[in-house]
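# Inside the fold
Here are the chains, one letter per residue:
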Amino acid sequence: MPAVLKALNRIRHRHGFGVHSPFAYRFITEVLCQPLHYYGYATTGRDQRLRLLLRLAAYFAPARVAVYSASPDKLMKAASCGNTAIEYTADSPDMIVVDDLDTPPESYLPHIISGGTHALIVNASPTLRKRLAAALSKGMLFDNGRGTIVIAAFRHLPRQDFDVKF
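Residues numbered from 1 in each chain as written. Predicted model: local features only at pLDDT ≥ 70, side-chain atom pairs only at ≥ 80, totals over all residues. Heavy atoms only, no water.

## Here's the deal with helix 2 (residues 22-32)
It helps to recall that an α-helix has 3.6 residues per turn; residues three or four apart then point in one direction. Burial in helix 2 covers these residues: F23, A24, F27, I28, V31 and L32. Projected down its long axis, helix 2 shows its buried positions confined to an angular sector of 125 degrees, all on one face. (Buried < 20%, exposed > 50% of the residue type's maximum accessible area, 1.4 Å probe, protein only. Helix = DSSP H or I, 4+ residues; strand = E, 2+ residues; numbered from the N terminus. Arc of directions from axis to C-beta.)

## As for the packing of helix 4 (residues 48-60) against helix 5 (residues 72-79)
How two helices pack is summed up by the angle between their axes together with the distance between the axes. Following both chains from N to C, one finds helix 4 and helix 5 inclined at 40 degrees, their axes separated by 8 Å at the closest point. Comparing the axis directions of helix 4 and helix 5 gives the class oblique. Crossing of helix 4 against helix 5: the hand is right-handed. On helix 5, the residues touching L50, L53, L54 and A57 of helix 4 are K74, L75, A78 and A79. Here the contact of helix 4 with helix 5 is composed, by residue class, of 7 nonpolar, no polar and 1 charged. (Axes fitted to C-alpha atoms, helices over the stretch in contact; angles between N-to-C directions. Parallel < 35°, antiparallel > 145°, perpendicular 65-115°, else oblique. Left-handed = near helix turned anticlockwise from the far one by under 90°. Contact = heavy atoms within 4.5 Å. Nonpolar A, V, L, I, M, F, W, Y, C, P; charged D, E, K, R; others polar.)

## A look at the sheet that holds strand 6 (residues 149-152)
Across the sheet, which stays open at both edges, the 7 strands sit in the order 2-1-3-4-6-5-7 with mixed pairing between neighbours. Whereas interior strands pair on both sides, the edge strands pair on one side only; in this sheet they are strand 2 (87-88) and strand 7 (160-163). On top of the sheet, helix 7 (residues 126-135) reaches strand 4 (118-121), strand 5 (140-143), strand 6 and strand 7; it is set at about 165 degrees to strand 5, its chief contact. (Pairing = 2+ DSSP bridges.)

## Brief notes about the packing of aromatic side chains
Geometry of an aromatic ring pair is reported as the spacing of the ring centres plus the angle between the planes. In this structure the tally under the stated criterion is 12 aromatic pairs. Clustering of aromatic rings is evident, with ring pairs tying together F23, F27, Y59, F60, F142, F154 and F162. Geometry around Y41 places R51 over its ring, the cationic atom sitting 4.2 Å from the centre. (Phe/Tyr/Trp six-rings, centres within 6.5 Å; stacked < 30°, edge-to-face > 60°. Lys NZ or Arg CZ within 6 Å of the ring centre and 35° of its normal.)

## Structural notes on helix 7
Residues L128, R129 and L132 constitute the buried set of helix 7. Projected down its long axis, helix 7 shows its buried positions confined to an angular sector of 100 degrees, all on one face. Of the exposed residues in helix 7, the ones pointing more than 90 degrees away from its buried face are P126, T127, K130 and A134. Elements in contact with the buried residues of helix 7: helix 6 (109-114), strand 4, strand 5, strand 6 and strand 7.

## Overview of the pattern of salt bridges
For the structure shown, the criterion picks out 9 salt bridges. Between E106 and R131 there is a salt bridge; the shortest N-O distance is 3.0 Å. Placement of the pair is E106 in the loop between strand 3 (95-99) and helix 6 and R131 in helix 7, with a sequence separation of 25 residues. We classify R131 as partly exposed; its relative accessible area is 39%. For D161, the salt bridge identified is with R129, shortest N-O distance 4.0 Å. Separated by 32 residues along the polypeptide, D161 in strand 7 and R129 in helix 7 bring together distant segments of the chain. Taking relative accessible area as the criterion, D161 reaches 34% and is therefore assigned partly exposed. A relative accessible area of 18% means that R129 is categorised as buried. Bridged by salt links that share partners, the residues R129, D143, R159, D161 and D163 form one connected network. (Salt bridge = Lys/Arg side-chain N within 4 Å of Asp/Glu carboxyl O.)

## Observations concerning the nonpolar core
Counting residues in hydrophobic clusters, the biggest one holds 31 residues, and the most contacted among them are F27, L32, L56, F142 and V150. Looking at this core, the elements that each hand over two or more residues are helix 2, helix 4, helix 5, strand 3, strand 5 and strand 6. Setting aside chain neighbours within four positions, we find F142 in contact with A24, F27, I28, L32, T148, I149, V150, A152, F162, V164 and F166. Core analysis: the next-biggest nonpolar cluster, separate from the first, contains 17 residues, V98, I112, A124 and L141 among them. (Core = buried A, V, L, I, M, F, W, Y, C linked by side-chain atoms within 4.5 Å.)

In structure tokens, the structure reads:
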């Protein structure tokens, strides 16, 4: 598909047009593309990635989070803004946040592929996206086309990919 058509498709999906899954529609319009001010934005500043992480952590409500980043403090602060009981661990996490190009995918991919682990991957390469899309058997993958991927790994969801501008 040409780049112009992909961009138009992302914009359509951002508003929910062409999205037939009730979960995906709600997730796109209320979490990924939330236009309104969200609680906790004062702690994240204007950084869009931290705001997205805050909304994802509020939506998924993970108990255990694994953070792969060169500077994890900001990410952990944004993830725990609404939940101070979050435990940061690499052992069986409920949510994975990857913001480091130097982190080998083999350290976090098994958790995502096994199912039940939601993920926010920033600075993802096109090859990593293809690898994730091929390896996932359940859940939904949301890609903004600029290197940010969100995976909703609920086992009851059918396997679908969405290109969304967020």
